[in-house]
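So the chains spell out like this:
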Amino acid sequence: RAPCKIPGMQRSTGRILVSHAGALPRPDDLRDLLVAKESGKPYDEAVYQRRVREVIADVVRKQLATGIDVVNDGEESKRSFSSYARTRIKGFEERTVDISNEPPTIYMRDYADFPGFFGGGSTAFAGQSGLARSFTTTAARVFCTAPLEYVGHAAIQEDIDNLKHALSEPGLARPFSGGMGVSPISNTQAFLPAVAPGTVEHWMTNEYYKTDEEFVYAIAEAMRPEYQAIVDAGFVLQIDDPDLGDGWQMFPEMSVADYHKYAEMRIEALNHALRGIPEDRIRFHMCWGSHHGPHKHDLPLADFIDLIVKVPAECYSIEAANTRHEHEWRVWQDVKLPDGKSLMPGVTGHTSDMIEHPRLIADRLIRYANVVGRENVIAGTDCGLGPRVGHAEIVWSKFEAMAEGARIATRELWRR
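Sequence order as written defines the numbering, with residues in each chain counted from 1. Under the rules for a predicted model, residues below a pLDDT of 70 receive no local features and side-chain atom pairs below 80 are neither given nor counted, while totals for whole chains, interfaces and linings still include all residues. Computation of side-chain values: all heavy atoms of the structure, hydrogens and water removed.

Before going further, it helps to spend a moment on the packing of aromatic side chains. Only rings of Phe, Tyr and Trp enter the pairing, Trp through its six-membered ring, and a pair is recorded when the two centres are within 6.5 Å. The plane angle decides the type: under 30 degrees is stacked, over 60 is edge-to-face, the rest tilted. A full pass over the atoms with the stated rule returns 11 aromatic pairs. Taking the centre distance of 6.1 Å and the plane angle of 40° together, the rings of Tyr111 and Phe118 count as tilted. Tyr111 sits in the partly exposed class, given a relative accessible area of 29%. A centroid spacing of 5.0 Å and a plane angle of 90° characterise the contact between Phe117 and Phe118, whose relative ring orientation is edge-to-face. For Phe118, a relative accessible area of 0% puts it in the buried group. Connected via pairs of aromatic rings, a cluster forms that spans Tyr107, Tyr111, Phe117 and Phe118. Only lysine NZ and arginine CZ atoms are considered, and such an atom sits over a ring when it is within 6 Å of the ring centre and within 35 degrees of the ring normal. Between the NZ or CZ atom of Arg109 and the centre of the ring of Trp248, over which it lies, the distance is 3.4 Å. The rule is simple: take the accessible area with a 1.4 Å probe, protein chains only, and divide by the maximum for that residue type; under 20% is buried, over 50% is exposed, in between is partly exposed.

Rendered as structure tokens:
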């Protein structure tokens, strides 16, 4: 008997579907367990395994309850992108280095205009872990010193098993049968995120490979087993590449043309890693770093939209709600969305704890639908809201508003 074809990504054929970019709220006790696990400190593995499974089941329930159609595991097993990638690749070492004269990396262009803000004058910015300049003069940095190799097979299988378990929970979803983890509540698909090679590169200094290109392609080959495992498990693969946009800030000496060439090689390496994976099983998320800062010098979407649509993904997830990028829906008036593709614009965001009004969300969705077609639009978020808004309650309320906005947009778009 011929194998059953796993269905591709759902489209907004009868209504505007709702999803999000990935990271969801994490309880403090699970955060503490993750910190201990990734830093080599003592922790109870059995307690960790139980809690991560419980929390994933809980966030799946909450996504469904708030109206999300395409759910994920909330990235609950990943402390952060940088630390998560380090646990799944070998061929590097960590060293303590002097950072007293280290540049401010992903906001370097903005730093030139706003040194007081980034230097500690902003209490809002200082509260963001990993971003604010601190009083310490040393920090751990990662250096590639040997051939890179994927060693995350057990970890990605745990992610897959935990999400399958959550989707198969009695009373929530019918048993997972190798398809897309569909819930009868809202015919829900499920996705798992994985980081792009170009973003991994920004956390690791190459001391082994002869060229930057060889290094980036080595990262791509190392991450490919994770991409393939997610798709083979029946889930949608979301490639997260925040550094495609915010990498521009890291190189203030580059012209737009220089940066475009720099980024194009990273996209080509990603495409190499995705070879053979069906496009209808992939969506691609990019942003501009999503830190709470000025973003005055973010690279305009129009300057690299051609690179985004080169990624062999059926759906493109982009920032579209925050005040620096909301106007860029107009880019799609000049750039044709390729046939068979869809957009997941962020229609609710992380830059404010204010809950967007559903009417505003509907208006944002309708703008995109009028340009690219209603069936080609999915409601999404600018970035993962969990670690970026003030409280978990805000995340779930934003999701409820997004689902209501999608219902309003649906009524207006489908009555024509």
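To summarise the sheet geometry, strands pair through backbone hydrogen bonds and adopt either a parallel or an antiparallel arrangement. For two strands to be treated as a pair, DSSP must find no fewer than two bridges joining them. Runs of E in the DSSP output that reach at least two residues are strands. Runs of H or I that reach at least four are helices, and both are numbered from the N terminus. With mixed pairing, three strands are arranged side by side in an open sheet as E3-E4-E6. Across the chains shown, the open sheet's two edge strands, defined by having one partner strand only, are strand E3 (89-98) and strand E6 (204-206). With strand direction ignored, the average angle separating the axes of adjacent strands in the sheet is 40°. Across the face of the sheet, helix H3 (residues 81-88) comes into contact with E3 and strand E4 (138-150) while running at roughly 130° to E3. Here a residue-residue contact requires only that any non-hydrogen atoms of the pair lie within 4.5 Å. Between the N-to-C directions of two axes lies an angle of 0 to 180 degrees, each axis being a line fitted to C-alpha atoms and, for a helix, fitted only over the stretch in contact. Sitting on the sheet, helix H9 (residues 212-232) touches E3, E4 and E6, and the angle it makes with E4 is about 75°.

Glancing now at the nonpolar core. If you look at the biggest cluster of nonpolar residues, it comprises 110 residues, and the most contacted ones within it are Leu148, Tyr227, Leu237 and Phe284. For Phe284, the contacting residues outside a window of four places in its chain are Ile239, Asp241, Leu244, Ile267, Leu270, Ile308, Val311, Ala313, Cys315, Tyr316 and Ser317. Among buried residues, the Ala, Val, Leu, Ile, Met, Phe, Trp, Tyr and Cys ones that are joined through side-chain atoms within 4.5 Å form a nonpolar core.

Let us now look at the packing of helix H7 (residues 153-167) against H9. When two helices pack together, their arrangement is given by the angle between the helix axes and by the axis-to-axis distance. Orientation of H7 relative to H9, taken along the N-to-C sense of each, is 25°, at an axis distance of 10 Å. Between H7 and H9, the interaxial angle falls into the category roughly parallel. Crossing of H7 against H9: the hand is right-handed. The segment H7 lies against H9, with His153, Ile156 and Ile160 engaging Pro225, Glu226, Ala229 and Ile230. Any residue that is not Ala, Val, Leu, Ile, Met, Phe, Trp, Tyr, Cys, Pro, Asp, Glu, Lys or Arg is counted as polar, Gly included; the first ten are nonpolar and the last four charged. Per-class residue counts for the contact of H7 with H9 are five nonpolar, one polar and one charged. Every angle not falling under 35 degrees, over 145, or within 65 to 115 is termed oblique; those three ranges are roughly parallel, roughly antiparallel and roughly perpendicular. Here is the rule for handedness: rotate from the far helix to the near one, and if that takes an anticlockwise turn smaller than a right angle the crossing is left-handed, while a clockwise turn gives right-handed.

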